[in-house]
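Structural description and commentary
Listed below, chain by chain, are the residues.
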Amino acid sequence: MKEQSVARVVVVNRQQMAMRVVSVEGLVEAGHPVRAIWEFVGRLDLSRFYERIEAVEGGEGRPAWDPRMMISLWAYAYSRGVSSAREVSRLCECDPGYQWLTGLQVVNHHSLSDFRVAHKGELEGLFTQMLGVLSNEGLITLERVMHDGTKIKACASGKSFRREGRLRAHLEKAREQVRLMEEAGEEEVAPRLAEARRRAAREHQQRMEQAVRELTRLQEAKNGEEGEKVRVSMTDPEARIMKQAGGGFAPSYNAQISTDAAHGAIVGVGLTKSGVDQGELEPALERIEQEMGRLPEQVVVDGGYIGWETVLALDGMQVDLIGPAVERGPQQEEQLVRKGIAKGFHAAAFTYDPQQDTFTCPEGKILKRRGTEEAPGRTSYIYEAKAADCLQCPMKGQCCSRNGKNGRSIRRAELHPTVKDWIDKMGTEEAKAIYRNRAQIAEFPNAWIKAKCCLRQFRSRGIHKAGIEVMWACFTYNVQLWARLCWRPAMTG
Ligand code: SF4
């Protein structure tokens, strides 16, 4: 009988120590995206970054990390959806793309984190240079720019919001904590730990002071009971509760992104504390002018940006505005309903006589003009019935506001000729066709930086640092665009 043989296999020995020969250049293939990022960053003038380095040749101290490598590292990390400095540092140990960039060195997460937020001015300069490169490659024309905003959650929870009384109590407590720590002198802990605790207490006090300052600012903008209801976050005092696209509310900032329609390059980026887009278009155009040296010929926005003031402003800037023409009458339907005025007695039920410049009410009484109100793009003429007529009228309960003592008033609005022309233009098929493409182009970069860069929530607190995070994400977006439209086709011939 044949003896059964035992299979012979390779034994895995996890106790052994091994040394390997690694070709850093061979870690990534020729068409790897990390090479595109490295090449693009190498085309930019980084002298402002190098000027800030204190370590010099022949001097003492550790050499600084090369800014070209650090910029490329962050751009590569964002392109892979990594925005945590600790995670980037960990990936430097094992991921070929990161290892190729650093030459197998591991960058400490403190250095990465500091580099990301410490160079706002330099990063803005880099973004401007980037737009120059993209323009030279023909990727930016500024013939048509699509502009849109997107809410990004702040590094704060909704539960961190407090009213004035609680905020001031927290501030007092924070001040007391700092005072006690400074008076305590020598502690029974290591000096480094004691200093870290003192620093944390001071930072907490500064945040509480900032929260109280923000609260005062917001209260000044409101008054009475509204002012008393104001709440500010103790974690990120500059964050505001904003309505989210998917429903619900959360502490957020509003990123304003302008996209050139020719190839989808981002040509302007800003961050605001405002939860609404109204009034954000003019600053966005100023940013583009600052970055590119000229304004776009045409800008396309959604209804959130449209107001007659904006229509007039863009006409003055000679920028062609495309957006939905939402007629905003001086007396909105819902306003009348709130006042308790029945539907049959809204402005449409009153007949205007242009010869006499009067209105006639449903009960046949005359309303005479008693005043005029000027607003941007619109003049409102106010007409009022005699108080005696309305007092005796059987329809008073349906026609006049609940607490009104005067006769019923209505308004007639006359639009500025520029606004009228703009409304007519937006009625044309050509304008409507341009507007139909808006969402596809304008919303793509907003979705990309959230999906690809995982920028759904900021890691830093405060609008300044959060603004830098958005800038990094937009920088990465444009590098990827360049790699796809210029670098890769050149590689493949
Ligand atoms: S309340 Fe005054 S305005 Fe209204 S229907 Fe009567 S008379 Fe006319």
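Data block above holds the structure.
Because the structure is a prediction, the values reported are computed rather than measured.

1. Structural notes on the sheet that holds strand β12 (residues 378-385)
Overall, antiparallel pairing links the 5 strands, which are arranged β9-β10-β11-β12-β13 in an open sheet. Looking at strand neighbours, the two that pair on one side only are β9 (351-353) and β13 (409-415), the edges of this open sheet. In this sheet, neighbouring strand axes are inclined to one another by 35° on average, regardless of whether the strands run parallel or antiparallel. In this structure, strand β10 (residues 358-360) lies alongside strand β11 (residues 366-375), joined through 3 bridges in antiparallel fashion. Along β11, the bridge assignment pairs T360 with I366.

2. Examining the site of the ligand
Neighbouring the ligand are C361, E363, K365, D389, C390, C393, K396, C399, C400 and R408. When residues of the shell around the ligand are traced back to their parent elements, those giving at least two are α14 (387-392) and α15 (396-399). Along the lines of polarity and charge, the residues of the shell around the ligand split into 5 nonpolar, no polar and 5 charged.

3. Some words on the side chain of T379
Its location among the elements puts T379 in strand β12. Polar contacts involving the side chain of T379 include one to the side chain of E374, which spans 2.9 Å. Setting aside its immediate chain neighbours within four residues, T379 contacts T372, E373, E374, R412, A413 and E414.

4. Thoughts on the pairing of β11
As consecutive antiparallel partners, β10 and β11 are separated by 5 residues, and within that stretch G364 has a phi angle of approximately 80°, a positive value. Sheet topology places β11 next to β12; 8 bridges connect them, and they run antiparallel. Bridging across to β12, T372 finds its partner in Y381. Connecting β11 to the antiparallel partner β12 that follows it, the hairpin turn spans 2 residues, and G377 within it adopts a positive phi of roughly 80°.

Analysis parameters
Residues numbered from 1 in each chain as written. Predicted model: local features only at pLDDT ≥ 70, side-chain atom pairs only at ≥ 80, totals over all residues. Heavy atoms only, no water. Pairing = 2+ DSSP bridges. Helix = DSSP H or I, 4+ residues; strand = E, 2+ residues; numbered from the N terminus. Axes fitted to C-alpha atoms, helices over the stretch in contact; angles between N-to-C directions. Near = heavy atom within 4 Å. Nonpolar A, V, L, I, M, F, W, Y, C, P; charged D, E, K, R; others polar. Polar contact = N/O pair within 3.5 Å; in protein donor to acceptor, adjacent residues only side chain to side chain. Contact = heavy atoms within 4.5 Å.

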